Amino acid sequence: MKIFFDENMPYANDFFSDFCKAEELIPFSGRDLTAEQVLDADVLLVRSITKVNEALLKNNNKISFVGTATIGTDHIDQAYLNDRDITFHSAPGCNAISVAEYVISSLVILAERYQLDIQKFSVGIVGGGNTGTRLSEKLTALGIDYIICDPLLEQSKNDNRVFSSLEEVLKCDVISLHVPKVIEGEHPTYHLLDKSRLNNLKNDQIIINACRGEVIDNQALLALKKQGHGLKVVLDVWEGEPDVLMPLIEYTEIATAHIAGYSLEGKARGTEMLYQALCDHIAKQDSSSIEYKYQLVNFLPPANISMIKLNQEFNEVILNQLVKMVYDVRRDDAIFRQQIASQGFDSLRKNYPVRREFSSVQVTLLPNALSDVPHHLGFNKT
Ligand SMILES: NC(=O)c1ccc[n+]([C@@H]2O[C@H](COP(=O)([O-])OP(=O)(O)OC[C@H]3O[C@@H](n4cnc5c(N)ncnc54)[C@H](O)[C@@H]3O)[C@@H](O)[C@H]2O)c1
Ligand SMILES: O=C(O)[C@H](O)[C@H](O)COP(=O)(O)O
């Protein structure tokens, strides 16, 4: 069985080498994959930069499984795969915690930079799926108020949370975007933040886009900022990646190369989810029982600093210290500003330095501590 996998997929060799001979497990560069290369692939495992469609697969008559180790699926023509009876799996939620921690780190940094009280922020979350939900849990842990807009979940009636309108969410101090890229239909997200909505934002608001670049009209945002609007902008994703509207960078508070989901755990969870889906697929084909021989916990190394003991009650100073110790988003912002022109977007992503999630660090509280915020925020208890 020939398995083609994106070279930027951690632990792929560990998870997939049992399925085939070593020479049949073939890494590829995601942006450059051609139909010629995957002519005889049985399994194709991609990340978000590979478009999987008829053009890529029309000459391959063997392929039975396509997986993407990502949450977003806008790069996959699922209707085409369905027509050809090719099994498809994505990795829902794999890096949701990572994105939520990117947002928390951004809020901690901006609160410090402008001497704002983080607990007084009101946060408007657009998209109440996996990532929006993980973020809302961390905000709850910190006692920060939030509202969520998600007309699809609101209509589904399977979700008993209270939802707000987009208009209400856009009035919050912080607007955090967590929707898929959807161009058509009843609830499109393409240019959801268009010129008119951007122009209605207030000078003291913060907007964070860590979903898909096209959700904000980048030219309209640049025009607004050039007029001197005070909106604080955090951009992890950009319209037209891997190209970036370079003049926009200087108007951002934090700018990064689509790495919000790039914690080691987040990326590797995507690989593990595809491993499990492929085990299921093969068991179904062979009518055999499913066995997941490998688990991510067996591969993840310990964090560089894996234990912290608090010697006073948790407070905002400790929040600032803990968050920055595990993930200080300014590191990625500095790399981006210094290297985007010389290295290019994809190279910054490919060479992303290791970043861990809060859960990689065990935090011991004071005996009889009054509050347990660090553990609710995601730090490890044991
Ligand atoms: N920057 C990154 O590294 C990174 C990492 C993970 C995901 N993402 C992006 O973030 C998106 C969201 O991730 P997720 O894990 O929450 O996905 P998800 O599918 O779990 O949730 C998305 C939610 O958005 C809602 N939604 C759809 N259209 C909407 C609209 N017009 N208004 C409001 N809500 C709407 C859906 O109902 C759904 O609940 C992904 O599709 C992906 O494109 C980016
Ligand atoms: O959709 C996702 O899961 C994220 O955008 C993810 O971070 C994309 O990473 P990539 O596949 O581009 O490496």
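Residues numbered from 1 in each chain as written. Chains lettered and ligands numbered in written order. Predicted model: local features only at pLDDT ≥ 70, side-chain atom pairs only at ≥ 80, totals over all residues. Heavy atoms only, no water.

Draft legend 1. The arrangement of the pattern of salt bridges in detail. Following the criterion strictly, the structure yields 20 salt bridges and no others. Asp74 serves as the salt-bridge partner of Arg212, at 3.2 Å between the closest nitrogen and oxygen. Note that Arg212 is positioned in the loop between strand 9 (206–209) and helix 9 (218–226) and Asp74 in the loop between strand 4 (65–68) and helix 3 (78–83), a separation of 138 residues in sequence. Judged by relative accessible area, which is 14%, Arg212 ranks as buried. (Salt bridge = Lys/Arg side-chain N within 4 Å of Asp/Glu carboxyl O. Helix = DSSP H or I, 4+ residues; strand = E, 2+ residues; numbered from the N terminus. Buried < 20%, exposed > 50% of the residue type's maximum accessible area, 1.4 Å probe, protein only.)

Draft legend 2. Inspection of the site of ligand 1 at higher detail. Taken together, 29 residues lie near ligand 1, and Asn95, Asn130, Thr131, Asp150 and Asp236 sit nearest. Take Ala210: an N or O atom from its main chain is 3.1 Å from a nitrogen atom of ligand 1. For ligand 1, an oxygen atom lies 3.2 Å from a polar atom in the side chain of Arg212. In the complex, the protein chains occlude 89% of the 850 Å² of accessible area that ligand 1 would expose alone. Those elements that place two or more of their residues in the shell around ligand 1 are helix 5 (130–142) and helix 6 (151–156). Of the residues assigned to the shell around ligand 1, the class counts are 14 nonpolar, 12 polar and three charged. (Near = heavy atom within 4 Å. Polar contact = N/O pair within 3.5 Å; in protein donor to acceptor, adjacent residues only side chain to side chain. Areas by Shrake-Rupley, 256 points an atom, 1.4 Å probe, with all protein chains shown as cover. Nonpolar A, V, L, I, M, F, W, Y, C, P; charged D, E, K, R; others polar.)

Draft legend 3. Seen up close, the sheet that holds strand 3 (residues 43–46). As summarised here, the arrangement of the five strands in space is 2-1-3-4-5, forming an open sheet in which the pairing is parallel. In the strand order of this sheet, the two ends are held by strand 2 (25–28) and strand 5 (87–89), each with one partner. Across this sheet, the average inter-strand angle for adjacent strands is 15 degrees, counted without regard to direction. The pairing of strand 1 (residues 3–6) with strand 3 spans three bridges and is classified as parallel. Each residue of the ladder has a partner; that of Ile3, found in strand 3, is Val43. (Pairing = 2+ DSSP bridges. Axes fitted to C-alpha atoms, helices over the stretch in contact; angles between N-to-C directions.)

Draft legend 4. Representation of the UniProt feature "binding site: substrate" (unreviewed entry) in the protein within the structure. With numbering matched to this structure, UniProt assigns "binding site: substrate" (unreviewed entry) to Ser48, Thr70 and Tyr262. A compact arrangement is adopted by the annotated residues: their sequence extent is 215 residues, whereas the largest C-alpha distance between any two is 12.4 Å. Checked against the lining of the second largest pocket, the annotated residues just named reduce to Ser48. Assignment of secondary structure puts Ser48 in the loop between strand 3 and helix 2 (54–57). Other than its neighbours up to four places away in sequence, Ser48 contacts Thr68, Thr70, His75, Arg212 and His258. Here Thr70 lies in the loop between strand 4 and helix 3. A residue is classified by how much of its surface remains accessible, and Thr70, at 7% relative accessible area, is buried. (UniProt positions renumbered as here; feature names shortened; annotations may be inferred. 1 Å grid on protein atoms, 1.4 Å probe; cavity = no way out; pocket = protein on both sides within 12 Å on 5 of 7 lines; lining within 4 Å. Contact = heavy atoms within 4.5 Å.)

Draft legend 5. Seen up close, the site of ligand 2. Ligand 2 sits among Arg47, Ser48, Thr70, Ile71, Gly72, Asn95, Arg212, His258, Tyr262 and Arg349. With respect to ligand 2, the side chain of His258 contributes an N or O atom lying 2.6 Å from an oxygen atom. Protein chains shield 95% of the accessible area of ligand 2, which is 350 Å² for the free molecule. The residue inventory of the shell around ligand 2, partitioned by class, reads two nonpolar, five polar and three charged.

Draft legend 6. Summary view of the layout of surface pockets. The volume enclosed by the second largest pocket comes to roughly 330 Å³. Around the second largest pocket sit 15 residues that line it, and Arg31, Ser48, Lys51, Asp74 and Glu241 are the ones nearest its centre. A per-class count over the lining of the second largest pocket returns three nonpolar, four polar and eight charged. Taken together, domain 1 (3–90 + 263–298) and domain 2 (96–255) each give at least three residues to the lining of the second largest pocket, which thus spans both. (Points joined across faces, edges and corners; volume = space filled by probe spheres on them. Domains from an automatic or database assignment.)

Draft legend 7. Quick look at the packing of aromatic side chains. Going through the model one piece at a time under the given rule, you end up with 11 aromatic pairs. On the numbers, 5.0 Å between centres and 35 degrees between planes, the contact of Phe15 with Tyr275 is tilted. In this pair, Phe15 sits in helix 1 (residues 12–16) while Tyr275 sits in helix 11 (residues 264–286), placing the two residues 260 residues apart along the sequence. There is no split in this pair, since Phe15 and Tyr275 are both buried. An aromatic cluster of at least three residues, connected via ring pairs, comprises Tyr11, Phe15, Phe16, Phe19, Tyr275, Tyr294 and Phe299. Above the plane of the ring of Tyr352 lies Arg331, whose end atom (NZ or CZ) is 5.2 Å from the centre. For the cation-ring pair, Arg355 lies above Tyr327, with the distance from its terminal atom to the ring centre recorded as 3.8 Å. (Phe/Tyr/Trp six-rings, centres within 6.5 Å; stacked < 30°, edge-to-face > 60°. Lys NZ or Arg CZ within 6 Å of the ring centre and 35° of its normal.)

Draft legend 8. Inspection of the environment of Lys2 at higher detail. Here Lys2 is to be found in the segment before strand 1. Of the residues examined, Lys2 reaches a relative accessible area of 25% and is grouped as partly exposed. Along the chain, Lys2 and Val38 lie 36 residues apart, while their C-alpha atoms are 9.3 Å from each other. Not counting residues up to four positions away in its chain, the partners in contact with Lys2 are Glu24, Ile26, Asp40, Ala41, Asp42 and Val43.

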